[in-house]
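# Residue-level structure breakdown
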Amino acid sequence: MNKRNQQSCCSARRAIVDKRNYPLEQRCTMNAVKDKQAMVLLQGSRFFMGDAFNEGFLQDGERPVKEVEVSSFYIDPYAVTNKAFDTFIKETNYVTETERYGWSFVFYQFVDIEKVELVAPAHQWWLPVKDAYWYQPEGKGSSIEERMDHPVTHVTWNDAIAYCHWAGKRLPTEAEWEYAARGGLVKKRYPWGDALTPNEKHRCNIWQGSFPTYNATSDGFFGTAPVDTYLPNEYGLYNVAGNVWEWCADWFDAKYDYSEIIDPKGPPVGQMRSMRGGSYLCHHSYCNRYRVASRSSNTPDSSSGNVGFRCVADV
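Conventions we followed
- Residues numbered from 1 in each chain as written.
- Predicted model: local features only at pLDDT ≥ 70, side-chain atom pairs only at ≥ 80, totals over all residues.
- Heavy atoms only, no water.
- Helix = DSSP H or I, 4+ residues; strand = E, 2+ residues; numbered from the N terminus.
- Buried < 20%, exposed > 50% of the residue type's maximum accessible area, 1.4 Å probe, protein only.
- Contact = heavy atoms within 4.5 Å.
- Salt bridge = Lys/Arg side-chain N within 4 Å of Asp/Glu carboxyl O.
- Phe/Tyr/Trp six-rings, centres within 6.5 Å; stacked < 30°, edge-to-face > 60°.
- Lys NZ or Arg CZ within 6 Å of the ring centre and 35° of its normal.
- Core = buried A, V, L, I, M, F, W, Y, C linked by side-chain atoms within 4.5 Å.
- 1 Å grid on protein atoms, 1.4 Å probe; cavity = no way out; pocket = protein on both sides within 12 Å on 5 of 7 lines; lining within 4 Å.
- Points joined across faces, edges and corners; volume = space filled by probe spheres on them.
- Nonpolar A, V, L, I, M, F, W, Y, C, P; charged D, E, K, R; others polar.

### Describing the environment of valine 111
Relative to the assigned elements, valine 111 resides in the loop between strand S5 (103-107) and strand S6 (126-130). Owing to a relative accessible area of 13%, valine 111 belongs among the buried residues under this scheme. Along the primary structure valine 111 and glycine 139 are separated by 28 residues, whereas in three dimensions their C-alpha atoms are 8.1 Å apart. Sequence-distant contacts of valine 111, that is, excluding residues within four places in its chain, are made with Val106, Val116, Leu127 and Val129.

### Topic: the pattern of salt bridges
Note that side chains of opposite charge can pair when their charged atoms are close. This model, assessed by the stated rule, comprises 18 salt bridges. The partner of arginine 289 in a salt bridge is aspartate 60, and the shortest N-O contact between them spans 2.8 Å. In this pair, arginine 289 sits in the loop between strand S10 (273-276) and strand S11 (296-298) while aspartate 60 sits in the loop between strand S2 (45-49) and strand S3 (66-70), placing the two residues 229 residues apart along the sequence. Each of the two residues, arginine 289 as well as aspartate 60, counts as buried. Salt-bridge contacts for lysine 169 lead to aspartate 76; the nearest nitrogen and oxygen are separated by 3.0 Å. Taken as a pair, lysine 169 in the loop between helix H3 (157-167) and helix H4 (174-182) and aspartate 76 in the loop between strand S4 (73-75) and helix H1 (82-92) lie far apart in primary sequence, 93 residues in all.

### Some thoughts on the packing of aromatic side chains
Here a ring pair, both rings aromatic, is described through the centre-centre distance and the interplanar angle of the planes. Throughout the structure, instances matching the rule amount to 30 aromatic pairs. Considering the side-chain rings of phenylalanine 107 and phenylalanine 110, the 5.7 Å spacing of their centres and the 70° angle between planes classify their relative orientation as edge-to-face. Overall, the relative accessible area of 22% leaves phenylalanine 110 in the partly exposed class. Through successive ring pairs, a cluster of aromatic residues spans Phe107, Tyr108, Phe110, Trp125, Trp126, Trp207, Phe211, Phe222, Tyr280 and Tyr286. In this structure, arginine 14 is placed above the aromatic ring of tyrosine 101, and the distance from its NZ or CZ to the ring centre is 4.1 Å.

### Points about the nonpolar core
Within the largest apolar cluster, 46 residues are counted, with the highest numbers of intra-cluster contacts made by Phe85, Phe88, Tyr163, Trp247 and Phe309. Within the residue set of this core, elements represented by two or more residues are H1, S5, H3 and strand S9 (245-251). At 7 residues, the largest contribution of residues to this core is made by H3. Filtering out sequence-adjacent residues up to four positions away, phenylalanine 309 remains in contact with Ala79, Val80, Phe85, Val152, Val155, Ala160, Tyr163, Cys164, Leu171, Trp245, Glu246 and Trp247.

### What about the layout of surface pockets?
Its volume calculated, the second largest pocket comes out at about 270 Å³. The wall of the second largest pocket is formed by 15 residues, among which Asp35, Asp76, Ala84, Tyr163 and Lys169 lie closest to the centre. Going through the elements one at a time, H1 and H3 are the ones with two or more residues in the lining of the second largest pocket. Considering every element that reaches the lining of the second largest pocket, the biggest residue donor is H3, with 3 residues. Partitioning the lining of the second largest pocket into residue classes produces 9 nonpolar, 2 polar and 4 charged.

Keep in mind these numbers describe shape, not what the thing actually does.
Here it is as structure tokens:
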């Protein structure tokens, strides 16, 4: 069991800074799937879900390992990109929750506080930056123009659901996500095996150096990377470890106590939504949550510069 500092670099909750509660004002119509041919079809099967190495944080509920069965489904090989999200915005005129709040969390090393305005004091290494949203990831003066093939960030769970409806897709359950991320490997630590850098080759975008002060960027990236960076897993999925956290459909269940073992969907109610995969800020000293069994969560209205999503679709 990981007993080191259990603080997380994952993401900060919006309620820490902003007590306002905005209802989801826009409902996107559920369309037919726009690009199923570009998705990966995964045949249903049973697999071992959870932390087989007893390495996770106790409060994350990665254990016990349980054999779970999922039905066949389609999944996108990549996280949703800025380009795809931009198309969604232009076609629907959707205004994200982050824009309605007027701010989002940005990692402190990406911010020049002399040029941007904060809405509140910093929360650990997270700065609540005014006017930071998906198109301006670091606040005023920043842009995604050179990052169209990077994963979209600063999207809430509710924003991800709106995109899914427009695309005719949905968010994966945690079971579907982990099944897909494992790529057919049984009880392995990462989507490619047990070694973090096999043959001294980086396979994911995480933090190297001393978190949170120095990133050696030996994997090639300080922030997000293009969604097709590094080799895919055996199912053809890219960046299911590191880069950005990916929202899942489930309410977060810290006890990890699914009553169903066939197509489990998590608890019926909750306060936090599950996230999977880790991000470019994960480091073994604080947040070794880039393992395939790793879990995290946040409130559905929270957003930050290291959280995105990928979509699935029913067969």
